[in-house]
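# Commentary on secondary and tertiary structure
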Amino acid sequence: MLSPKKHRGELPEAGEVTPDLARQAQACWAEAARQQGIDLTDFDPSASLEQRLFWAKQHGLEIGCLLARHSTKLQHSTGDQVRDNCQAAAARRIYTPSEYICVDEAVSGRKQRRDGLVRLTMILERRLATVLLVFMFSRIFRTGYRGFGFIQESVVDLGLRAISVGQGIDTADEKTWRQMTYMYGIMDEMLLTTIAQHVKSGLSGLFRLGFVVGALTIGYTGKEVEGAPLTNRGKPRRVPAVDPKVAKLIRKHFRWIARGMPLAEGHRRWVRAGGPVDPRCKTGEMSYTAYRRMLSNPRYLGVWAFGRKRNRWNARLDYTQQVEQPEDEVIIVRSDELRIVSDKRFQAVQKRLEKNKTGSRGPSSGKQPQLWDLVTDCFVCAACSTPKIDYRMYQGGAHGVGMKCKRGNLCPARVIVNRKDAVLNVCQMLGDLLRHDADLIERTVARSGDVDANQNERLLDELAQARKRERVLLRKEDDLEELLGEGTEDDRAATKRKIRATRAQRSAAHMETERIAAEIEHGPKAITPEEVRTLLNDLPNLLANSTTDDENDEDDDQIYRAADVFRRLVGGRIAVIVELRPGRKKCNVRGRFTPQILCTVAEELGNSTAITGSESTPGEQTVWLREPPRLDAIALRVHELIDIESLSFRDAAKKLREEGIKVNSGNVWYSYHRWYEMQGLTAPDLPYNNGRPRKPK
Ligand SMILES: [Zn+2]
């Protein structure tokens, strides 16, 4: 007689159940069998397989094998499937010995080894069992039709029987099993175009099975599915349904764009009509990119992907991220019920979008970013920004050398500012401020750290360096990530490599910072006036040097450090003020920011806690971001000469000519009025000769 061990040994061990699960499965089966009225008095679970099979045949039971597959999507653990299958088997007077239970524990995706399936096929081919039980036919393979093929060829064609426990399909029911399997296969994959009736049951069926559709697209609302399990957050599960009012608006826009309306005009109209916007949008106003994205969304064709993304909480970033699921977890459904736009119209719009690609094509590969490529995020549009929301500027314009307001066509002060000019002008002003206030800064910063701490000086120095390096690397990482969307496939791959390298460097830098910080016993920091002086010479140079076209790969940290210093010196925000000048082609563009000189200097010296008072630091500054017209450029000087030094227009002109600016008194009069105009004020009426007595002849 064969020992159970030996008998089972003919089947591979890979793919069999664990002893623990085997015990549970047997207990489960026995319990269900008892309820079915199967006489278990002479059944011995510890007997050999052959003895148990003999017992089963004597009692008129069929012999079953089963396959359990782990599926992340169905949230149905292998153990649950095994137990469910065993119970279902007992209910049908089938005995499932644990030796004939096969398990495929999914490792993710394609490389998965199908040990359970291999083992199961052997059992079937040798006809050790006559019935196969699985949870779902369609999930035996990644694609439903292959599952169908397997059942047909490896089970039914061998004269055996298969049961899908989860779907209630039994191949013994020759009339319906194929249709049912086919229908479930469709639901698992695609199509569903056939009959509206099917679509309806298909969609809610999908939701019953726990598929999700993610955030709803504009134009759709959620309709509750009756009888479906609640979501993880305990809310009723909802299927998308067309929102007729919004759908009408969407159709109108597709028609307009298909007929040649400029995208910008379409966008403006959408916003003007108060068209809905993604509820996650912070500004409450659809952006141009979102408008384009809307026009290219295949969901309006009724093509919906289910389960493609799953929400996952990211503790580090402190928000919910959407994570792409492997392809085989995605189901594409085509539903006329969800269609808003016809194929023809949609295609026409796609053609127009294709011709109208937006955005920067990215820097040519291998080009080092310049300072003005990295600090665009500091600039915000003054016309659009409110105290609550800043609308920042983005790279744009011809060849991407400019920047423009995020609101694009909706911006009342639509203008493209050359980034290089703007950043260089700000740098020049920052350099002037640093040099001009050197004395004050030196006194303030040096005094605040005026404590005896020679002992720690070296360590503090090291810590400052380490922190700086860490911060620079973090910024670099952010900056690189910002560049990630641009350029060719190769550019992106290169950027990704850079990001990985930077990340590794940063974590090393962080460990270094921690080490030094631990070494320092929270002692007071001392900064000498010399240190401040050195740094004050250093920073303007840093800003100036980083703007040369030096291609030095070794030293590309320098550029990121400069960008970091720039950001902190301008307080992270430069409001871009556009002055439209009616009747003139060019408008004036100025930047306004509040310099953070003292904090930045102190931080650069590794003493960020030292600064308390902000005594007489330079207040808000205004700088030309674009070279102004000649007479606008001298407006401030003219204002000083006339209003502060009380010169007459004629004398002011004379003085200006002495300063090398060729103007006449008429120019000065114009420039004087321009100064008030730019401040949003009206120029006062000056008395003749600015109140001075007529010069004696
Ligand atoms: Zn704007």
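Residues numbered from 1 in each chain as written. Predicted model: local features only at pLDDT ≥ 70, side-chain atom pairs only at ≥ 80, totals over all residues. Heavy atoms only, no water.

For the protein chain, an unreviewed UniProt entry supplies the name Recombinase and the organism Lignipirellula cremea.

### Quick look at the overall build of the protein chain
In terms of helices and strands, the protein chain carries 24 helices and 19 strands. Within the span of the protein chain, comprising 697 residues, buried residues form 46% of the whole. The contacts in the protein chain between residues at least 6 apart in sequence include a share of 69% that link residues at least 24 apart. By element, 50% of the accessible surface of the protein chain is carried by carbon and sulfur atoms, the whole surface being about 37500 Å². (Helix = DSSP H or I, 4+ residues; strand = E, 2+ residues; numbered from the N terminus. Buried < 20%, exposed > 50% of the residue type's maximum accessible area, 1.4 Å probe, protein only. Contact = heavy atoms within 4.5 Å. Areas by Shrake-Rupley, 256 points an atom, 1.4 Å probe, with all protein chains shown as cover.)

### Observations concerning the environment of Ala653
Here Ala653 lies in helix 23 (residues 649–658). Residues Ala653 and Trp669, 16 residues apart in the sequence, show an inter-C-alpha distance of 9.3 Å. Non-local contacts of Ala653, meaning those with residues more than four positions away in its chain, are made with Val663, Asn664, Ser665 and Val668.

### What to know about the packing of helix 2 (residues 19–35) against helix 4 (residues 78–91)
At a closest axis distance of 8 Å, the pairing of helix 2 and helix 4 adopts a crossing angle of 30°. Our classification of the angle between helix 2 and helix 4 gives roughly parallel. As for the relative orientation of helix 2 and helix 4, their crossing is right-handed in sense. Side by side, helix 2 and helix 4 meet where Leu21, Gln24, Ala25, Cys28, Trp29, Ala32 and Ala33 of the first sit next to Gly79, Val82, Arg83, Cys86, Gln87, Ala89 and Ala90 of the second. The class makeup of the residues in the contact of helix 2 with helix 4 is 10 nonpolar, three polar and one charged. (Axes fitted to C-alpha atoms, helices over the stretch in contact; angles between N-to-C directions. Parallel < 35°, antiparallel > 145°, perpendicular 65-115°, else oblique. Left-handed = near helix turned anticlockwise from the far one by under 90°. Nonpolar A, V, L, I, M, F, W, Y, C, P; charged D, E, K, R; others polar.)

### Thoughts on the coordination of the zinc ion
Protein coordination at the zinc ion: the donors are Cys381 (SG), Cys384 (SG), Cys405 (SG) and Cys411 (SG), at 2.2 to 2.3 Å from the metal. Note that the zinc ion binds four donor atoms; their angles at the metal cover 101 to 114°, and the shape is tetrahedral. Sequence spacing of the donor residues for the zinc ion, all on one chain, is C-x2-C-x20-C-x5-C. Grouping residues by exposure puts Cys405 and Cys411 together as buried. (Donors = N, O, S within 2.8 Å, 3.2 Å for Na, K, Ca; no water. Tetrahedral: all angles 85-135°; square planar, octahedral: opposite > 155°, others 65-115°.)

### A word on the packing of helix 22 (residues 635–644) against helix 23
Here helix 22 crosses helix 23 at 130°, and the two axes come no closer than 10 Å. With respect to helix 23, the element helix 22 is oriented oblique. You can see that helix 22 and helix 23 cross each other, and the crossing is right-handed. Contacts between helix 22 and helix 23 involve Arg637, Val638, Leu641 and Ile642 from the first element and Phe649, Ala652, Lys655 and Leu656 from the second.

### Observations regarding empty space enclosed by the protein
Within the structure shown, the criterion is met by two cavities of 30 Å³ or more. By residue class, the composition of the lining of the second largest cavity is eight nonpolar, no polar and no charged. (1 Å grid on protein atoms, 1.4 Å probe; cavity = no way out; pocket = protein on both sides within 12 Å on 5 of 7 lines; lining within 4 Å. Points joined across faces, edges and corners; volume = space filled by probe spheres on them.)

### Let's talk about helix 18 (residues 529–545)
The terminal C-alpha atoms of helix 18, which comprises 17 residues, lie 24 Å apart, in line with the 24 Å expected from a rise of 1.5 Å per residue. Of the residues making up helix 18, those classed as buried are Val532, Leu535, Leu536, Leu539, Pro540, Leu542 and Leu543. (Expected span 1.5 Å × (residues − 1).)

### Re the packing of aromatic side chains
Per the stated rule, a full pass over the model turns up 13 aromatic pairs. Here Trp29 and Tyr95 contribute two aromatic rings whose centre-to-centre distance is 4.8 Å and whose plane-to-plane angle is 70°, an arrangement assigned as edge-to-face. Of this pair, Trp29 sits in helix 2 while Tyr95 sits in strand 2 (residues 94–95); the two residues are 66 residues apart in sequence, bridging distant segments of the chain. Note on accessibility: Trp29 and Tyr95 belong to one class, buried. Measuring from centroid to centroid gives 5.3 Å for Tyr672 and Tyr676, while their planes differ by 70°, and the two rings are edge-to-face. Placement of the pair is Tyr672 and Tyr676 together in helix 24 (residues 665–678), with a separation of four residues, close to one helical turn. Per residue, the accessibility class of Tyr672 equals that of Tyr676, and both read buried. Connected via pairs of aromatic rings, a cluster forms that spans Trp29, Phe43, Trp55 and Tyr95. Sitting above the plane of the Trp256 ring, Arg269 keeps its charged end 4.8 Å from the centroid. (Phe/Tyr/Trp six-rings, centres within 6.5 Å; stacked < 30°, edge-to-face > 60°. Lys NZ or Arg CZ within 6 Å of the ring centre and 35° of its normal.)

### Looking at helix 23
Of all the residues in helix 23, the buried ones are Asp651, Ala652, Ala653 and Leu656. Residues of helix 23 that are buried in the fold lie against helix 22 and helix 24. Positive backbone phi, at 95°, marks Gly660, one or two positions downstream of helix 23.

### With respect to the side chain of Asp564
Looking at the secondary structure, you find Asp564 in helix 19 (residues 557–569). Residue class for Asp564 comes out buried when judged on its relative accessible area of 4%. Engagement of the side chain of Asp564 in a polar contact is seen with the side chain of Arg568, the distance being 3.0 Å. (Polar contact = N/O pair within 3.5 Å; in protein donor to acceptor, adjacent residues only side chain to side chain.)

### Some words on the pairing of strand 1 (residues 62–69)
Within strand 1, seven of the eight residues are buried, leaving the element largely enclosed by the surrounding structure. One ladder, built from two bridges, connects strand 1 with strand 2; its direction is parallel. Its bridge partner lying in strand 2, Ile63 is registered against Tyr95. The sheet contact formed by strand 1 and strand 4 (residues 131–134) spans four bridges and is parallel. Opposite Leu67, over in strand 4, you have Val134 as the bridge partner. Bridging between strand 1 and strand 3 (residues 101–104) involves four bridges; their strand directions are parallel. Following the sheet pairing, Leu66 is matched in strand 3 by Ile101. (Pairing = 2+ DSSP bridges.)

### Focus on the environment of Ala466
With respect to the helices and strands, Ala466 occurs in helix 16 (residues 454–483). For the pair Ala466 and Glu512, spaced 46 residues apart in sequence, the C-alpha separation works out to 6.6 Å.

### Some remarks on the sheet that holds strand 19 (residues 621–624)
Neighbouring strands of a sheet are bound in pairs by backbone hydrogen bonds; such pairs are parallel or else antiparallel. Across the sheet, which stays open at both edges, the four strands sit in the order 13-17-18-19 with mixed pairing between neighbours. Here the strands that pair on one side only, and so sit at the sheet edges, are strand 13 (379–381) and strand 19. Strand-to-strand, the axes of this sheet are offset by a mean angle of 35°, without reference to chain direction. Where strand 13 and strand 17 (residues 574–579) come together, three bridges link them in parallel fashion.

### Some remarks on the nonpolar core
By size, the foremost hydrophobic cluster in this structure holds 55 residues, and its most contacted members are Leu371, Phe379, Val417, Val426, Phe566, Val601 and Leu625. Excluding anything up to four places from it in sequence, Phe379 contacts Arg392, Met393, Met403, Ala422, Val423, Ile574, Val576 and Leu625. Ranked by size, the runner-up nonpolar core spans 52 residues in total, among them Ile38, Leu61, Ala88 and Val155. (Core = buried A, V, L, I, M, F, W, Y, C linked by side-chain atoms within 4.5 Å.)

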